[in-house]
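Architecture at a glance
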Amino acid sequence: MKLHILGCGDAFGSGGRNQSAYLVEADDRFFLLDCGPTTLLAMKRAGIDPRRLDVVFISHLHGDHFGGLPFLFIEFLYQTRHDKPLHIAGPPQTEEKVRQLFHLMYGGSPASELPPVNFHILQPGKSAVIEGIEVLPFRVPHQTHEISLGLKINHAGKQILFSGDSAWSELFVEHARGVDLFLCECSFYDQGTGSHVRYIELLDALPQLECKKLVLTHLGEEMLARKKELAVAMAEDGMVIEI
Ligand SMILES: [Zn+2]
Ligand SMILES: [Zn+2]
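To start, this report covers the structure provided alongside it. What you see is a predicted model; the values in this text were computed from it and never measured. (Residues numbered from 1 in each chain as written. Chains lettered and ligands numbered in written order. Predicted model: local features only at pLDDT ≥ 70, side-chain atom pairs only at ≥ 80, totals over all residues. Heavy atoms only, no water.)

His60 (NE2), His62 (ND1), His142 (NE2) and Asp165 (OD) make up the full set of protein donors to the zinc ion (ligand 2), lying at 2.2 to 2.4 Å. Considering all four donor atoms around the zinc ion (ligand 2), angles at the metal cover 92 to 164° and the coordination shape is irregular. In the primary structure, the donors to the zinc ion (ligand 2) are separated according to the pattern H-x1-H-x79-H-x22-D. Taken as a pair, the zinc ion (ligand 2) and the zinc ion (ligand 1) lie 3.6 Å from each other and share aspartate 165 as a ligand. With a gap of 80 residues between them, histidine 62 in the loop between strand 4 (55-57) and helix 2 (63-66) and histidine 142 in the loop between strand 8 (133-139) and strand 9 (149-155) connect regions that are remote in the sequence. (Donors = N, O, S within 2.8 Å, 3.2 Å for Na, K, Ca; no water. Tetrahedral: all angles 85-135°; square planar, octahedral: opposite > 155°, others 65-115°. Helix = DSSP H or I, 4+ residues; strand = E, 2+ residues; numbered from the N terminus.)

Below is the structure:
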């Protein structure tokens, strides 16, 4: 199984990095973790046919994590037909917000019709199986009212933990135990607003993290400026991780 880093930047495009998107390539399934605005572009740059996508998992409904879906939809409507339905799984309100966004961006007949899409709502703490891919969503501290999710994926004998956007949480220590890859957001080094991981907090928790591989992502300018000081691997756009 491979994980393609399509976008490891934050909402601000820090360091010229693409926004949040990670493509998992398994023998039988292609699926995305998040779909930031630059996702389709990054897939094409990597030579990946968007028609191969089976499922898009969305961690939360901030624009840098789901704002790329309308571009996938117009791709499937007008460029490369996607005959099988695309499954989209995200927190409550995913369907409403995705439909609103598509209507705002490409509304008006006939474009307001989505290509074939099946929506699935992920409830925190309830595992689900979508197109044969097992996911355990859990709520993380990032948004105040809306639900932000961390996602633990279990597929083809491999486990991936994705933090989504979140402040540091002890939940990550628990869920990281034994996983093949923990993709952890780390927007800041020691500053920030309290809704994202700070590197210094992660460093404190490092001895307790029992994942096989840890890669930092969703990197802001402060992290990029201190790249050489870091003791943990950082994601790069275009990187492919063997799991
Ligand atoms: Zn974000
Ligand atoms: Zn966010």
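Below, the discussion takes up the coordination of the zinc ion (ligand 1). Taken together, Asp64 (OD), His65 (NE2), Asp165 (OD) and His218 (NE2) make up the full set of protein donors to the zinc ion (ligand 1), lying 2.1 to 2.2 Å away. Seen from the zinc ion (ligand 1), its four donor atoms lie at angles of 86 to 165°, and the figure they make is irregular. Ordering the donors of the zinc ion (ligand 1) by residue number gives the pattern D-H-x99-D-x52-H.

We now examine the pairing of strand 2 (residues 21-25). The buried fraction of strand 2 is high, at four of five residues. Strand direction decides the pairing type here: strand 1 (residues 2-7) and strand 2, joined by five bridges, are antiparallel. Directly across from isoleucine 5, in strand 2, lies its bridge partner tyrosine 22. A loop of four residues connects strand 2 with strand 3 (residues 30-33), the two strands running antiparallel in sequence. (Buried < 20%, exposed > 50% of the residue type's maximum accessible area, 1.4 Å probe, protein only. Pairing = 2+ DSSP bridges.)

Once that is clear, we can look at the pairing of strand 10 (residues 158-162). Sheet topology places strand 9 next to strand 10; five bridges connect them, and they run antiparallel. Its bridge partner lying in strand 10, leucine 151 is registered against phenylalanine 162. Hairpin connection from strand 9 to strand 10: two residues lie between these consecutive antiparallel strands, with alanine 156 at a positive phi of about 50°. Of the pairings in the sheet, the one linking strand 10 to strand 11 (residues 181-185) comprises three bridges and is parallel in character. Residue pairing across strands places phenylalanine 162 opposite leucine 183, the latter belonging to strand 11. Of the crossover connections in this fold, the one passing from strand 10 over helix 5 (residues 171-176) to the parallel strand 11 is right-handed. (Right-handed = clockwise from strand over helix to strand, strands pointing away.)

Turning our eyes to something else, we now look at the sheet that holds strand 1. The sheet built from seven strands is open, its strands ordered 6-5-4-3-2-1-14 with mixed pairing. Two strands in the sheet have a free side with no partner beyond their single neighbour: strand 6 (117-121) and strand 14 (240-242). The mean angle between the axes of side-by-side strands here comes to 20°, regardless of whether they run parallel or antiparallel. On top of the sheet, helix 3 (residues 69-79) reaches strand 3, strand 4, strand 5 (86-90) and strand 6; it is set at about 170° to strand 5, its chief contact. Helix 4 (residues 94-106) contacts strand 5 and strand 6 of the sheet and is inclined by roughly 140° relative to strand 6. (Axes fitted to C-alpha atoms, helices over the stretch in contact; angles between N-to-C directions. Contact = heavy atoms within 4.5 Å.)

A separate point is the packing of aromatic side chains. Tallied over the full model, the rule gives nine aromatic pairs. Ring-pair connections join several aromatic residues into one group, and the members of that group are Phe71, Phe73, Phe102 and Tyr106. (Phe/Tyr/Trp six-rings, centres within 6.5 Å; stacked < 30°, edge-to-face > 60°.)

Given a rise of 1.5 Å per residue, 13 residues ought to cover 18 Å, and the 18 Å separating the end C-alpha atoms of helix 4 matches this to within 8%. Considered for burial, the residues of helix 4 that qualify are Thr94, Val98, Leu101 and Phe102. Projected onto a plane normal to the axis of helix 4, the buried residues spread over an arc of 100° and lie on a single side. Exposed and oriented more than 90 degrees from the buried face of helix 4 are Gln100 and Leu104. On its buried face, helix 4 is in contact with helix 2, helix 3, strand 5 and strand 6. (Expected span 1.5 Å × (residues − 1). Arc of directions from axis to C-beta.)

A full pass over the atoms with the stated rule returns 10 salt bridges. A salt bridge links glutamate 210 to arginine 177; the nearest nitrogen and oxygen atoms lie 3.9 Å apart. On the criterion of sequence distance, the pair formed by glutamate 210 in the loop between helix 6 (199-205) and strand 12 (214-217) and arginine 177 in the loop between helix 5 and strand 11 is long-range, its members being 33 residues apart. With a shortest N-O distance of 3.4 Å, aspartate 180 and lysine 212 are connected by a salt bridge. Note that aspartate 180 is positioned in the loop between helix 5 and strand 11 and lysine 212 in the loop between helix 6 and strand 12, a separation of 32 residues in sequence. Classification of lysine 212 as exposed rests on a relative accessible area of 62%. (Salt bridge = Lys/Arg side-chain N within 4 Å of Asp/Glu carboxyl O.)

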